[in-house]
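The residues making up each chain are set out below.
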Amino acid sequence: MASAPLLLENIIYKKRNYVFAFVRHRLFVLCKQSLVRVQSAEGIKRIEISPKSNLKQLYDSVQTTLRVDGFGLFKDRTFLTELHANGSQLVGTTLKHGDMIYLKQMAGTSTRRTSTTVLENPAFSKAVSIDDHSNSSSSAARPSQEVVEDAVDQLLAKADGSIKRERDTKLCHHNANGRCVHCSALEPYDESYLKEHNIKHLSFHSYIRKQTSGMSQGKYFVFDDINCRIRPGCREHPPWPKGICSKCQPSAITLNRQTYRHVDNVMFENTKIVERFLNYWRTTGHQRMGYLYGTYEQHTDVPLGIRARVAAIYEPPQESSRDSLNILPDEGSADVEAVAAALGLKKIGWIFTDLITADATVGTVKQIRGIDTHFLTAQECITAGELQNRHPNPCKYATNGVFGSKFVTICVTGDQTKQVHMEGYAVSAQCMALVRDNCLLPTKDAPELGYVRESTDKQYVPDVFYKEKDQYGNEVQRLGRPLPVEYLLVDVPASTPLQPQYTFTKYDQRQPFPVENRYIDGHLQDFNALSNYLSAWGDEEFLEAISDFHLLIFLYKMDMLPLRQHMAPLMEAVRTKNPNQAAEFKGTEVWKLLESLIQASSGSTGGTTNYSSDIGPTANAGGSSGSEAMDLDANTWTCNHCTFINRGELTSCEICSLPR
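Residues numbered from 1 in each chain as written. Predicted model: local features only at pLDDT ≥ 70, side-chain atom pairs only at ≥ 80, totals over all residues. Heavy atoms only, no water.

### Side note on the confidence of the model for the protein chain
Thinking step 1. On average, the protein chain scores 81 in pLDDT, and the residues at 70 or more come to 83%.
Thinking step 2. Counting contacts from residues 107–141, a segment whose pLDDT is below 50, to residues more than four positions away or on other chains yields 61 contacts.
Thinking step 3. Below a pLDDT of 50 lies the segment residues 604–633, which in the model reaches 27 contacts outside its immediate sequence neighbourhood of four places, other chains included. (pLDDT = per-residue confidence, 0-100. Contact = heavy atoms within 4.5 Å.)

Written out as structure tokens, the structure is:
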């Protein structure tokens, strides 16, 4: 008997629901309104719209209610039957009261949504409706075409990319103009061809061709940016750490080995570039780091491949020892970028040494890195990820216009034969996202392991997983605390050509100009080094003498002479290797002034003015005394350029380094 009132209440409650639904249905019929359900990734929303409204107004209502842009509406879950936004087709002829439609979020500026603001002409709407299936695959899901890609990317995007094959004399039985399965061209992402030629990774453009092939023609292909942060602006709960929901919470990340790479090969133009860089380690035994400057070009050994061609290495300010390396802030980085841009170069990577001498008599080094230890440490992966984030790759298939990076990492270390060799790497897009959002840390005593941060009150960190095989051969998923950094690396071969190439001077016999930021004897960049360097070249060798990346940076940054404003013709002459244009610059007044200073430095002490110590009571009244660090007597001289008072035994100024 106790359950009878409860049963009666349920019956009454259900009857009330039936009555409410009936009344609501009749009300919609009387008001001539239709109820359309819209299913999206955030759930189901109800849209009330008149059957006499067109589909363009339906798109406007969905945009207002769901607050989304760049979307398409479909009648089925498979997103095959699309409702095109036009002003001629009515809602009542396409949908019935209570129908469910499905919203598909498009990437970038989708023509399906933006077309609702421009398709006002019925004739134009009809034309777009007919041609939509042919045009949507190339423009609807693609981001803005205003993204300016690199020149090599534009070249490869227009290239055919197919792998040509010759006619097989044994298997091909057709004429010379025919084609069969044994001699027809292969796609650039053909797995059998890549395996046969020992190509471990797809090139970036081959990967794009693979994703945009097939029946869909890459209609929905886009590079989504990996997000490891809480999405801001959620109004359904207090901000973190007081609240979080599925809408603003970043998804967990499962690390996968990246199947493609942005750069397929790193080529140093000649061995002297690396040898000049290694001279610092050979002299001091300390490690060294530098930035690679060069260009990107097509790599013919890999289908649709890209090669980074290194022409010079710039060494920023740094502190180093046998076991450590600390990069300091570089105040002259803007000047270096200006010189590189004038020469047609750009920063394409970084290089560092990890060398310890094994036997100095035979010139061997210890093998520190390998499959048994590590390839890159976690700290080096984080540094590489930070540098790659600073130099992103422009891509028209990305939602925000950039994806990945062509910035490469070169490590100079010892190999199995205890000889110096180079290893090239790049970190994956997942690693770049983890570093950008400050989610990855190095471990203290295991260089081959990284560690994913744990969530705190100030930062939410999503879970990061990786898969490996256990002792029984089963594939298991583990949390990235700690994390093997091999999951974040992509191999990039580094080499030198058989025939050396030279963008700058060869230096077969002469001593090269010192490299910047080397504060040791014989490696200092000062006016004496400039005088000694230029004095060793003849007038007819001016272009060859001036074609040095480090020398041009030194001249561009000189403060005592206004060379910066006049170096544009010189840079153009070096870039185009034009001796006539270089000779014209040599005849300018500013260069003649520099030559006169060099002649004064290499000659006698002419031009030096000695000042006697005529300092009387006036100097003492001003607070000077005989106990100062330098007495103005006959053993001092004043620089004619900066007026600094130098000691008598010096032959050049301590401040500006100009001669007496």
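### Structural notes on the sheet that holds strand 10 (residues 289–299)
Thinking step 1. Taken together, eight strands build an open sheet; the order of strands is 24-18-17-14-10-11-9-25 and the sheet is mixed. Bordering the open sheet on either side are strand 24 (489–491) and strand 25 (494–495), each of which pairs with just one other strand. (Pairing = 2+ DSSP bridges. Helix = DSSP H or I, 4+ residues; strand = E, 2+ residues; numbered from the N terminus.)

### Description of the side chain of N265
Thinking step 1. Position of N265 among the secondary structure elements: in strand 9 (residues 265–268).
Thinking step 2. In terms of polar contacts, N265 uses its side chain to reach the backbone carbonyl oxygen of P493, at 3.5 Å.
Thinking step 3. Once residues within four sequence positions are removed from consideration, N265 is found in contact with H299, I306, R307, A308, V492, P493 and S495. (Polar contact = N/O pair within 3.5 Å; in protein donor to acceptor, adjacent residues only side chain to side chain.)

### Things to note about the nonpolar core
Thinking step 1. Judged by nonpolar contacts, the single largest core of 83 residues is most densely connected at L530, I546, F549, L555 and L594.
Thinking step 2. The greatest single-element share of this core, amounting to seven residues, is contributed by helix 15 (residues 549–556).
Thinking step 3. Shared between two domains, this core holds at least three residues of each, these being domain 3 (253–495) and domain 4 (527–602).
Thinking step 4. When neighbours within four sequence positions are excluded, L530 is seen to be in contact with F513, L551, F554, L555, M558 and L594.
Thinking step 5. If you look at the next biggest cluster of nonpolar residues, it comprises 27 residues, including V152, L156, V266 and L304. (Core = buried A, V, L, I, M, F, W, Y, C linked by side-chain atoms within 4.5 Å. Buried < 20%, exposed > 50% of the residue type's maximum accessible area, 1.4 Å probe, protein only. Domains from an automatic or database assignment.)

### Some details on the environment of T81
Thinking step 1. The topology assignment puts T81 in the loop between strand 3 (71–74) and strand 4 (82–83).
Thinking step 2. For T81, a relative accessible area of 40% puts it in the partly exposed group.
Thinking step 3. With near-sequence residues (within four places) excluded, T81 lies in contact with L73, F74, K75 and D76.

### Quick look at the packing of aromatic side chains
Thinking step 1. Scanning the entire structure with this criterion turns up 21 aromatic pairs.
Thinking step 2. Taken together, a centroid distance of 5.1 Å and an interplanar angle of 70 degrees make the contact between W240 and Y460 edge-to-face. On the criterion of sequence distance, the pair formed by W240 in the loop between helix 8 (204–211) and strand 7 (253–254) and Y460 in the loop between strand 20 (449–452) and strand 21 (464–469) is long-range, its members being 220 residues apart.
Thinking step 3. Taking relative accessible area as the criterion, Y460 reaches 16% and is therefore assigned buried.
Thinking step 4. Here a set of aromatic residues connected by ring pairs shows up, and it is made of F204, Y207, F221, F223, Y260, Y397 and F403.
Thinking step 5. The ring of Y487 has R257 lying over it, and the distance from NZ or CZ to the ring centre is 4.6 Å. (Phe/Tyr/Trp six-rings, centres within 6.5 Å; stacked < 30°, edge-to-face > 60°. Lys NZ or Arg CZ within 6 Å of the ring centre and 35° of its normal.)

### So, helix 8
Thinking step 1. Among the residues making up helix 8, those that are buried are F204, H205, S206, Y207 and I208.
Thinking step 2. Residues of helix 8 that are buried in the fold lie against helix 6 (151–158), strand 6 (202–203), strand 8 (260–261) and strand 11 (305–314).

### Regarding the environment of H205
Thinking step 1. Looking at where H205 falls in the secondary structure, it is placed in helix 8.
Thinking step 2. Residue classification places H205 among the buried positions, given a relative accessible area of 7%.
Thinking step 3. A C-alpha to C-alpha distance of 9.0 Å links H205 and I306, two positions 101 residues apart in sequence.

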